[in-house]
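One letter stands for each residue in the lines below.
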Amino acid sequence: MHDLALPSSGRVSGTADACLFGLSLCSGAGGLDLGLTIAMPGYRTVGHIERETYAAATLVARMEDAALDRAPVWDDVATFDGRPWRGAVDIVTAGYPCQPFSVAGKRRGADDPRHLWPHVARIIGEVEPPFVFLENVAHHLRLGFPEVASGLVGMGYRLAAGLFTAAEVGAPHKRERLFILAIREGDELADPTRLLWDSFEWRKPDGDAAPLADAESQRQREPADEADALAGSGQARDEPRDDGRDVADAAVRQLSQPGRRSETPEGSGRHGAGLADADGQRRVQAERGQSQDSGSDKRQPHVDDADGAGSQGRGDDIGEHAGQRPAWPPDGVDAALPRRQRHVPHSWCLVPREEKEASMEKGIIVGVDLAKHSFQLHGSSADGTVLFRKKLSRPQFHRFMSEQPRCSVVMEACGGAHFWARELGRLGHDARLISARYVKPFIKRQKNDAADAEAIVEAATRPTMRFVEVKSAEQQARAVVFRTREQLLKQRTELVNALRSHLYEFGYVAPQGIHNLPRIAKILDDKNTDIPSLARETCCDLLSQISEQTTRINALTKRMGELARTADTTRRLQTMPGIGPIGALAIETFAPPMETFGCGRNFAAWLGLVPRQNSTGGKQRLGRTSKMGQQDIRRLLIIGAMAVVRWTSQKGARPGTWLARMLATKPRMLVAVALANKMARGIWAMLTRNEDYRDPGQLMAA
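Note that the structure is predicted; figures quoted are calculated from it, not measured. (Residues numbered from 1 in each chain as written. Predicted model: local features only at pLDDT ≥ 70, side-chain atom pairs only at ≥ 80, totals over all residues. Heavy atoms only, no water.)

### Re the overall build of the chain
For step 1, the next point in the chain: A count of helices and strands for the chain gives 25 helices and 17 strands.
For step 2, the next point in the chain: Burial status across the chain gives 47% buried among its 702 residues.
For step 3, the next point in the chain: If you take every contact in the chain between residues at least 6 apart in sequence, the share linking residues at least 24 apart comes to 66%.
For step 4, the next point in the chain: Summing over all exposed atoms, the chain offers an accessible surface of approximately 35,000 Å²; the carbon and sulfur share of this is 51%. (Helix = DSSP H or I, 4+ residues; strand = E, 2+ residues; numbered from the N terminus. Buried < 20%, exposed > 50% of the residue type's maximum accessible area, 1.4 Å probe, protein only. Contact = heavy atoms within 4.5 Å. Areas by Shrake-Rupley, 256 points an atom, 1.4 Å probe, with all protein chains shown as cover.)

### A closer look at the sheet that holds strand β10 (residues 365-369)
For step 1, the next point in the chain: Strand order in the open sheet formed by 6 strands is β12-β11-β10-β13-β14-β15, with mixed pairing between adjacent strands. Looking along the sheet, the strands with just one partner apiece sit at the ends: β12 (386-393) and β15 (467-468).
For step 2, the next point in the chain: In this structure, strand β13 (residues 408-412) lies alongside strand β14 (residues 430-434), joined through 5 bridges in parallel fashion. Counted as the bridge partner of Met411 is Leu433 from β14.
For step 3, the next point in the chain: Across the sheet, helix α13 (residues 417-426) is in contact with β11 (374-380), β13, β14 and β15; its angle to β13 comes to roughly 170°.
For step 4, the next point in the chain: With respect to the sheet, helix α15 (residues 449-460) is in contact with β10, β11, β12, β13, β14 and β15, its orientation differing from that of β10 by roughly 135°. (Pairing = 2+ DSSP bridges. Axes fitted to C-alpha atoms, helices over the stretch in contact; angles between N-to-C directions.)

### Some words on the sheet that holds strand β4 (residues 91-94)
For step 1, the next point in the chain: Read across the sheet, 7 strands follow the order β3-β2-β1-β4-β5-β7-β6 without closing on themselves; strand pairing throughout is mixed. The sheet is open, and its two edges are formed by β3 (73-74) and β6 (157-164), each paired on a single side.
For step 2, the next point in the chain: Pairing geometry for β4 and strand β5 (residues 131-137), over 4 bridges, is parallel. Its bridge partner lying in β5, Ile91 is registered against Phe131.
For step 3, the next point in the chain: Together, β1 (20-25), β2 (43-49), β4, β5 and β7 (177-184) form the strand contacts of helix α1 (residues 31-39), whose direction differs from that of β2 by roughly 170°.

### Describing the nonpolar core
Most often, soluble globular proteins have nonpolar side chains that are buried together.
For step 1, the next point in the chain: Ile579, Phe603, Leu637 and Ile683 are the most contacted members of the largest nonpolar core, which totals 44 residues.
For step 2, the next point in the chain: Elements that contribute at least two residues to this core include exactly α16 (473-504), α18 (533-566), α20 (581-590), α21 (600-606), α22 (631-651), α23 (658-665) and α24 (668-689).
For step 3, the next point in the chain: Per-element accounting of this core gives the leading share, 12 residues, to α24.
For step 4, the next point in the chain: Contact partners of Ile579, with chain neighbours within four places excluded, come to Leu573, Gln574, Ala584, Ile587, Leu637, Met679 and Ile683.
For step 5, the next point in the chain: In this structure, Ile49, Val92, Ile123 and Leu152 belong to the second largest nonpolar core, which totals 37 residues. (Core = buried A, V, L, I, M, F, W, Y, C linked by side-chain atoms within 4.5 Å.)

### Thoughts on the pattern of salt bridges
As a working rule, side chains carrying opposite charge can pair if their charged atoms are close by.
For step 1, the next point in the chain: For the structure shown, the criterion picks out 22 salt bridges.
For step 2, the next point in the chain: Glu135 is the salt-bridge partner of Arg177, the closest N and O atoms lying 3.3 Å from each other. Within this pair, whereas Arg177 is found in strand β7, its partner Glu135 is found in strand β5, the two being separated by 42 residues in sequence. One exposure class covers both Arg177 and Glu135, and it is buried.
For step 3, the next point in the chain: Through salt bridges with shared partners, one network takes in Arg483, Arg485, Glu486, Asp632 and Arg635. (Salt bridge = Lys/Arg side-chain N within 4 Å of Asp/Glu carboxyl O.)

### Brief notes about the environment of Ala78
For step 1, the next point in the chain: Structurally, the position occupied by Ala78 is in the loop between β3 and β4.
For step 2, the next point in the chain: Between the C-alpha atom of Ala78 and that of Ile49, which follows or precedes it by 29 residues, the distance is 10.0 Å.
For step 3, the next point in the chain: For Ala78, the residues in contact, after removing those within four places along its chain, are His119 and Arg122.

### So, the packing of aromatic side chains
For step 1, the next point in the chain: All told, the structure shown has 16 aromatic pairs when counted by the stated rule.
For step 2, the next point in the chain: With a centroid separation of 6.5 Å and 90° between ring planes, the pair formed by Tyr96 and Phe101 is classed as edge-to-face.
For step 3, the next point in the chain: You can call Phe101 buried: its relative accessible area is 2%.
For step 4, the next point in the chain: A ring pair is formed by Phe597 and Trp606, whose centres lie 5.7 Å apart and whose planes are at 55°; its orientation type is tilted.
For step 5, the next point in the chain: Looking at Phe597, the relative accessible area reads 11%, which means it is buried.
For step 6, the next point in the chain: For Trp606, a relative accessible area of 30% translates into the label partly exposed.
For step 7, the next point in the chain: Clustering of aromatic rings is evident, with ring pairs tying together Phe375, Phe397, Phe419 and Trp420.
For step 8, the next point in the chain: Residue placement shows Lys678 over the ring face of Trp658; its charged tip is 5.0 Å from the ring centre. (Phe/Tyr/Trp six-rings, centres within 6.5 Å; stacked < 30°, edge-to-face > 60°. Lys NZ or Arg CZ within 6 Å of the ring centre and 35° of its normal.)

### Observations regarding unusual backbone geometry
For step 1, the next point in the chain: Here the phi dihedral of Ala66 falls at roughly 70°; this positive angle occurs in a residue that is not glycine.
For step 2, the next point in the chain: Within the fold, Ala66 resides in the loop between α2 (53-64) and β3.
For step 3, the next point in the chain: In this model, Asn690 sits at a positive phi of 55°, which is unusual for a non-glycine residue.
For step 4, the next point in the chain: Within the secondary structure, Asn690 sits in the loop between α24 and α25 (696-701).

### Details of α18
For step 1, the next point in the chain: The first and last C-alpha atoms of α18 sit 50 Å apart over 34 residues, in line with the 50 Å expected at 1.5 Å per residue.
For step 2, the next point in the chain: What α18 keeps buried is the set Ala535, Arg536, Cys539, Leu542, Leu543, Ile546, Gln549, Ile553, Leu556, Met560, Gly561 and Ala564.
For step 3, the next point in the chain: Against the buried residues of α18 lie α16, α17 (517-525), α19 (568-573) and α20. (Expected span 1.5 Å × (residues − 1).)

### Some words on the environment of Asp81
For step 1, the next point in the chain: Mapped onto the fold, Asp81 is located in the loop between β3 and β4.
For step 2, the next point in the chain: Here Asp81 falls in the partly exposed class, since its relative accessible area comes to 30%.

### Side note on the confidence of the model for the chain
For step 1, the next point in the chain: Predicted confidence across the chain gives a mean pLDDT of 75, with 71% of residues reaching 70 or more.
For step 2, the next point in the chain: Here strand β8 (residues 201-203) stands out as the least confident element of the chain, with mean pLDDT 32; β13 is the most confident, with 95.
For step 3, the next point in the chain: The model gives residues 1-18 a pLDDT under 50, and that stretch makes 91 contacts with residues more than four places away or in other chains.
For step 4, the next point in the chain: The model gives residues 189-361 a pLDDT under 50, and that stretch makes 346 contacts with residues more than four places away or in other chains. (pLDDT = per-residue confidence, 0-100.)

Listed below in structure tokens is the structure:
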């Protein structure tokens, strides 16, 4: 709100030392106070109320490094007595808790135990400051704002409200917030009130004065006024913003110019005894960079301070006029700020919005630790700087990501990850999945949701990291058919083994295999067996369940065969010996695009069909098959290869072929695994070149 800004000397044209004293309620880490201090160098916070230990410690730390003025900190807004502060402060600021109104919470409003607005309103009524400056979440306009607005109006305040985003001042996130400025009509202040209607002058670097236009002419839209506030209107969200001038413009429009009174020493009058005596007045003037004899109330064509004629502190580097907002921060901002503001942490300072938004599109990475109902987010910039940590529910996560600019979102390849990757892709984000195996080494110490989300970001920033391809909905639908058939096969095997074990208790040994089921049925149908009738009935029931499972399995197998015949990829894969409809469908469903792999050897390694390595010191040590890849495709390839080996052993291999040489010297199972490796490499060549299988034996014979 640059319309509310004062030059760094803390004086306005034609005024003496204009110093505003503020009382900060629900201070948090002091963001509102720091913003007012930077915007109005004549502003000084004389008291804080903050109950959170960490936030209060941060306030003290900011006082120690001179970012904020030293002031006492109270811990309970409910018991704070504001009556002694009446006449001693000019502004009461409050960032009262947003949980009762935020969409991230349960939105219980006044029923929430964290609803502190009644205590804030009580203190405002006891202090009766000329200005009230409040901050809360944007959804407060729709929940609880009429209560706040009517309360302020009932205390004699005129108010204006506006919605502003952190992105408008260069932050890498939206973070929309509601700001409320309330002004008591008719209150008299020596100097500070004039900044709301006097057009004051800034000095350009060449020394020419550039008068600010009246705030009324700078207004681009009408902000929410008192009537809108009482009605709970939310028009401010949908209308174009004017770079933070809404609240000040409304104040200019609503306030009539009050009477002016003569100057009084800081230690007396409305600022109250004890806040500043004569020595304190000189100290404040020195702190603001002013001479002790600058207390006269004379109209001046421009503003000077103790640094000499034409020196405007921060204003030296800013040229501001009607319709133009100065760039912030200007070059040499550290030297331009008053001494007590030079050590403000860099993350508290404003940066040019254009540069920050550009870097946000290119370098922001959001790690998401997924769960059914809880989502932990960790936002980081390209250089590893932590931007935010959030815990959101399922609806809040979708809504939050829909409001963010385009960025990279990384998740573990777990249940539901492919769905969220597709959803985030529709929202314009670059969604990527990473194997949980690759994330685990980046967890620093204890495992929790926040640590997992941070580890995901750390892993994703590695330049050599391997990501999981996002599956389409059609691929996942075929996976459902495949998994269901596998589950039914497993359940049928369990039933057959249970039936065999029950019969074994009565002396009947049945061999393994589903093809031996008729033999078991014959035993149960024989009335001459000594199996008790109760056990016979139970075993017959198991037999009927096995029959039902077989019917379902056959139906799904037929369905999978139809799917394999309709797709060109599965048809081409079935031209290779050892690959049938189920194996072809599994490859199309579970394997990523073959272009992902640089060669067929990489695809075979991805399937786990290569030896495990334990090499060191230049010595190659190979172990057993790694079995580290997609187990369904690997299992089906080995089964198909074993069928080829069995058929070749019975019919005889073509002399001189690789398979004939291997069968002559190696065990069949070893040959089958080696053949599965060759099949995997052949699959890669077929799919990357869009060719059918070519038998190497026939090519050699030709």
